[in-house]
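# Structural description and commentary
Residue-level listing of the chains:
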Amino acid sequence: MTKHLSIGCALLAATALTLPAQAQTPQNTMVMAWNLDAISNFDPAQIGEVVTNELITNICDSLVALDMENESEVVPWLAESWEVSDDNMSITFNMRTDAVHPSGNPVTAHDLVWSMTRVLELGFGNAAMLTSYGFTVENAIESFVALDDHTFQLNLSDPFPISIIMQAVVSGRVGHVLDSVYLKDKEVDGDWANDYLTTNTACVGPYHLRQWSAGEVVVLEANDNWWGDGPATPRWIIRHVPEAGSQRLMLEQGEIDIARSLGAEDIISMQDNPNVVPASTLNHQIFHMSFQTGREPFDNDLVRHAFRYMFDYDALADTVMAFQGIPRHTVVPYGAFAALDREEGAPFYLDLDKARELLEEAGITEGFTASLYIAPGPFAPEVAQHLQANAAELGITINIEQMASAQLFSALRGREFDLTLSSWQTNIAHAHGMLERHATNPDNDFDSQLAMYPSWRKSWYRPDFNERVRAALFETDEERQLEMYRQLQLDHMEQAAGAYLFQQYNNAVLRSNVEDWKWHAFRVFYREAHKN
Amino acid sequence: MADASNLARPSLTGRRWYRRSVATARILLTVAITMLGLITLTFFIGRVLPFDPVVAILGDDSSREAYDRVYRQLGLDRPLYEQFFTYMRDVLSFDFGRSLSSGRPVIDDITRVFPATVELALLSIFFGVAIGVPLGVAAAARQGSWIDQLIRVFALIGFSAPNFWLGLVGLAVFFAGLGWVGGPGRLSTFYQFDIEIRTGLILIDSALMQRWDIFQDAVSRLVLPVGILAYGAMAFIARMTRSFMLEQLSQEYIIAARAKGVSRTAVIWVHAFPNIAVQLVTVIALAFGFLLEGAVLTETVFAWPGLGRYMTTALLRGDMNAVLGCVIVIGLIFITLNLLCDLFYRSFDPRTR
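Chains are numbered independently. Their residues run from 1 in the order of the written sequence. Each chain is given a letter, starting from A, and each ligand a number, starting from 1, according to the order in which they appear as written. Thresholds applied to this predicted model are a pLDDT of at least 70 for local features of residues and 80 or more for the giving and counting of side-chain atom pairs; totals over whole chains, interfaces and linings are not thresholded and use all residues. Computation of side-chain values: all heavy atoms of the structure, hydrogens and water removed.

### Quick look at helix H3 (residues 109-122) of chain A
All names here are of chain A. Note the following rule: Secondary structure elements follow DSSP: runs of H or I no shorter than four residues count as helices, runs of E no shorter than two count as strands, and numbering proceeds from the N terminus. One less than the number of residues in a helix, times 1.5 Å, gives the span that helix is expected to have. We call a residue buried when its accessible area falls under 20% of the maximum for its residue type, exposed when it is over 50%, and partly exposed in between, using a 1.4 Å probe and counting protein chains only. Any pair of N or O atoms that falls within 3.5 Å is considered a polar contact. Within protein, one atom must be able to donate a hydrogen and the other to accept it, and sequence-neighbouring residues count only if both atoms are side-chain atoms.
Between its first and last C-alpha atoms H3 spans 20 Å; for 14 residues at 1.5 Å apiece the expected length is 20 Å, and the two agree. Counted residue by residue, H3 has 12 buried out of 14 residues, so it is predominantly covered. Two to three positions downstream of the cap, the backbone nitrogen of His110 sits 3.3 Å from a side-chain oxygen, assigning the N-cap of H3 to Thr108. Looking at the residues trailing H3, positive phi occurs at Gly123, about 70°.

### Description of the domain arrangement of chain A
All names here are of chain A. This is how it is decided: Reported domain spans reflect what an automatic or database domain assignment gives. By the convention used here, residues are in contact when the closest approach between their heavy atoms is within 4.5 Å. When two components associate, each loses some accessible surface as probed by a 1.4 Å sphere; the sum of these losses over both components is called the buried area. Each salt bridge in this description consists of a side-chain nitrogen of Lys or Arg and a carboxyl oxygen of Asp or Glu lying within 4 Å of one another.
Split by domain assignment, chain A resolves into domain 1 (60-199) and domain 2 (283-505). On the side of domain 2, 14 residues touch domain 1, which itself brings 13 residues to the contact. Considering only the surface of domain 1 that becomes buried against domain 2, Ser132, Ile164 and Gln167 emerge as the three largest contributors, covering 33% of it. The interface formed by domain 1 and domain 2 contains one salt bridge. For Asp158, the salt bridge goes to Arg470, with nearest N and O atoms at 3.4 Å. For the pair domain 1 and domain 2, the interface holds four residue pairs in polar contact (both at pLDDT 80 or more).

### Quick look at the state of the cysteines
Residue and element names in this part refer to chain A. The line we're drawing: Here, two cysteine sulfur atoms that lie within 2.5 Å of each other are counted as a disulfide.
If you walk through the whole model with that rule in mind, you get one disulfide over all chains. Disulfide pairing places Cys60 opposite Cys203 at an S-S distance of 2.0 Å. Between Cys60 and Cys203, the disulfide has an S-S torsion of -70° and is therefore left-handed. Here Cys60, found in the loop between helix H2 (50-56) and strand E2 (64-66), pairs with Cys203, found in the loop between helix H8 (194-199) and strand E8 (207-213); they are 143 residues apart in sequence, far enough to count as distant. On the basis of relative accessibility, which here comes to 2%, the residue Cys60 falls in the buried class. When its relative accessible area of 3% is taken as the criterion, Cys203 is described as buried.

### Quick word on the sheet that holds strand E6 (residues 144-148) of chain A
Residue and element names in this part refer to chain A. Cut-off, in case you're wondering: Two strands pair under a simple rule: DSSP has to find at least two bridges between them. Between N-to-C directions, angles span 0 to 180 degrees; the directions come from axes that are lines fitted to C-alpha atoms, helices contributing only their stretch in contact.
What the four strands build is an open sheet, ordered E4-E5-E7-E6; its pairing is antiparallel. The open sheet has two edge strands with one neighbour each: strand E4 (79-84) and E6. Strand-to-strand twist across the sheet, computed as the mean angle between neighbouring axes with direction ignored, equals 25°. Summarising the sheet, E4 and strand E5 (residues 90-95) pair through five bridges and their orientation is antiparallel.

### Things to note about the side chain of Arg328 of chain A
Residues and elements named next belong to chain A. For the record, the criterion: Under the convention used here, Asp and Glu are negative, Lys and Arg are positive, and both His and the chain ends fall outside the count.
Within the element layout of this structure, Arg328 appears in the loop between strand E13 (325-327) and helix H13 (352-361). For the buried Arg328, no salt bridge is present, and the opposite-charge side chain at shortest range is Asp341, 6.2 Å distant. One polar contact links the side chain of Arg328 to the main-chain carbonyl oxygen of Leu340, over a distance of 2.7 Å. Polar side-chain contacts of Arg328 include one of 3.3 Å to the backbone oxygen of Asp341.

### Points about the interface of chain B and chain A
Interface size is commonly expressed as the accessible surface area that is lost when the partners come together. Facing the 61 residues of chain B at the interface are 61 residues of chain A. With both sides pooled, the region where chain B packs onto chain A buries about 4,900 Å², and carbon together with sulfur makes up 56% of that total. Broken down residue by residue, the surface that chain B buries against chain A is led by Asp60, Thr189 and Phe193 of chain B, which jointly contribute 14%. Here chain B and chain A share four salt bridges between them. Residue Arg221 of chain B is joined to Glu255 of chain A by a salt bridge in which the shortest nitrogen-to-oxygen separation is 2.9 Å. Inspection of the region where chain B meets chain A yields 14 residue pairs in polar contact (both at pLDDT 80 or more). Contributing elements (two or more residues each) for the side of chain B that touches chain A: helix H3 (53-58), helix H4 (64-73), helix H8 (163-177), helix H10 (212-249), helix H13 (296-301) and helix H14 (307-317) of chain B. Of the residues forming the side of chain B that touches chain A, the biggest block, eight residues, is contributed by H10 of chain B.

### Things to note about the packing of aromatic side chains
Cut-off, in case you're wondering: Two aromatic rings from Phe, Tyr or Trp, using only the six-membered ring of Trp, form a pair when their centres are within 6.5 Å; if the ring planes differ by under 30 degrees the pair is stacked, by over 60 it is edge-to-face, and anything between is tilted. Remark: a charge is flagged as sitting over a ring if the NZ atom of Lys or the CZ atom of Arg is within 6 Å of the ring centre and within 35 degrees of the ring normal.
Counted by the stated rule, this structure contains 38 aromatic pairs over all chains. With centroids separated by 5.0 Å and ring planes inclined at 90°, the aromatic side chains of Phe43 of chain B and Phe44 of chain B adopt a geometry described as edge-to-face. Since its relative accessible area comes to 0%, Phe43 of chain B is described here as buried. In this structure Phe44 of chain B comes out as partly exposed when scored by relative accessible area, which is 39%. Chaining the aromatic ring pairs together yields one cluster made of Phe43, Phe44, Phe84, Phe85 and Tyr87 of chain B. Arg342 of chain A extends its terminal NZ or CZ atom over the ring of Tyr334 of chain A, reaching a point 5.2 Å from the ring centre. Above the ring of Phe124 of chain A, the side-chain terminus of Arg69 of chain B is found at 5.9 Å from the ring centroid.

Below, the structure is given as structure tokens:
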């Protein structure tokens, strides 16, 4: 009897011990689950992926900001006002005088000069955001000028449209104002503090980075020195939960407030759950297939065009791409200035007879074999298999090779591929953002290594497109400009080195007590969100 | 006056000492050669993988100047033999370089993630052995009976059911459905900043702090992953124990013991079991090594920041410093386990002394 009682007590104690201590999240903390594998550093000059970009825009203020309600609208931020010169060759920004870095150093125009110059000097991918608009290492001194502590002048090499400069240059990662006084002390061997900023931040913004444990957690805390009203939620804990199924269970149990990596099945299965609310916004990100036009038979426009008729876009949109994207066949995302409307921007459909005709017209009657490289991702394998099955009906053998993203990057940079599936995102709501990278190629020589241009990676070089994209950008008559962009997109859709497939959504599922979740294609505004 | 024969021949103690010295030297030499081989292998694996380490660091869209700068910084412009000797020097001083995934020294990352795996592995192997060995013995003792069949089926399921699937089902039932256990992660958000990391083992750290609420939270989150990993280890150990035991039970000395009237329990545990101990040690060491190497899928489902997930993530990102650092650490683990096994053999089997 005593023995049985002891065993019973032990079991009870063990059960009590295993009961979770806390199920809900703290009221003053927003807990978000996301796959944080992509984070590798916090240097705004080097960040090139979605997750860290979202975090850094909540940590570092830029000179001007994108409006919370309208992704195309630029609003004053660290610059309270600005004047454009009559010849459109210079913009003078009047900066706030009350902004202070977390170190206590004042935010100055000199900080911005240093911050923008280092982007060019370091030469990471983000430098292309500046070089695309004529800024170079050589002209940085004349281009970025601090007239005094709080007046910054941006001098242009060409009369670029001011709206584009405001969106592409001074509102984004290259316009983040870093604490130059503090960071100069952190420089090692002339690295512009790149090493320090790998794991730290030094800038003014609503939050500061309190902790980053790779593969585990990111913690942001309200920056007490911020010049604006304090954030509605003082602390964000972003937990690394790579598995979507685990995220869903944690959200349903209230262990997290927001889940960011859920797939279509998870979102559908939670639609009837009153405790959660799905949210989505259309990104300016296009999922597409790239062709290596330096290799046969993809050097032929007709062959590439035939592939556009090998996808059942609607069926994919209803299944593997549900909640993930909408069919989009022009490279310019829906919602951008001068983008084709949804109907004109997605004219292709599954038509294998038409594809066969195009292949025959290209002189291909016997079929061929090609490799299709894909990186690990939520829907690329299914889309690849879909293409593989349809292409097989035309005698084309597609060998799918899934590989680590680093391996795919190496293949892209080395032009060593036949076909790849990947995504590309622009940072401005303007047709030029995508066309400049996908429809122009300044120098097709392999040694130029212009890998920041997807057109270069695909060896696609059309001088006429180079000229047309530039002409459309500088066209001052808006009606004429819209028509130029329309024709560019229509021609590009048929000749490009890419088959553009879907415009992607950014998804989140929130607990129903999360309010003021504000976001659009380019920003997520953590400072607004709170729990009731 | 000393006996001349004593002077000519080393004493018994001296011979033992000599033999032990030779054995120790042999072991050290084996370890050194194994480590050298491992380091050489990892270096050349790093060179033949289809990753461009510069692209892995910079991404695919950097300028040519940035590419060339990092290429030189990594020393890739130097001759291969020079790179190899630099690598060898660094590794021998436990400098595995910097991880691309975290921006920190790889050794710091391994120090951070390894305790999470150790905590999981130690508990899993404890329960795996505590349950697996008796079950294997019971199955062998009642070969062909319903108990044997039941244990074999139970072990077969544990052996063949995917951990990933078991993890998700376990979370759906016991965490989301019944609320009996904690969810993914090592600790609740509430305790994120309350724990003071000393050993990296949350149970020990929370006990040292006498924070029993944190201890309880950690236990609640360990139950499922430990249960699943222990189930797998138990299945392997039980099957092997049964097999070893069946072999022993068919030996003549067992029949003789039974004929002399020794009870079945005594025959099994006193006569047969000590004779399978050596083989069992090998099996347990293998199971433990596998658990330490990292149960990647379990760590993925349970958002467990352990060594297996760290290494897999690094591999997918082309973070070769981290991968090679982990490979060397895992190599060291297996070498250590092998040495421990050798010591156990000597204790259990006089013939190996």
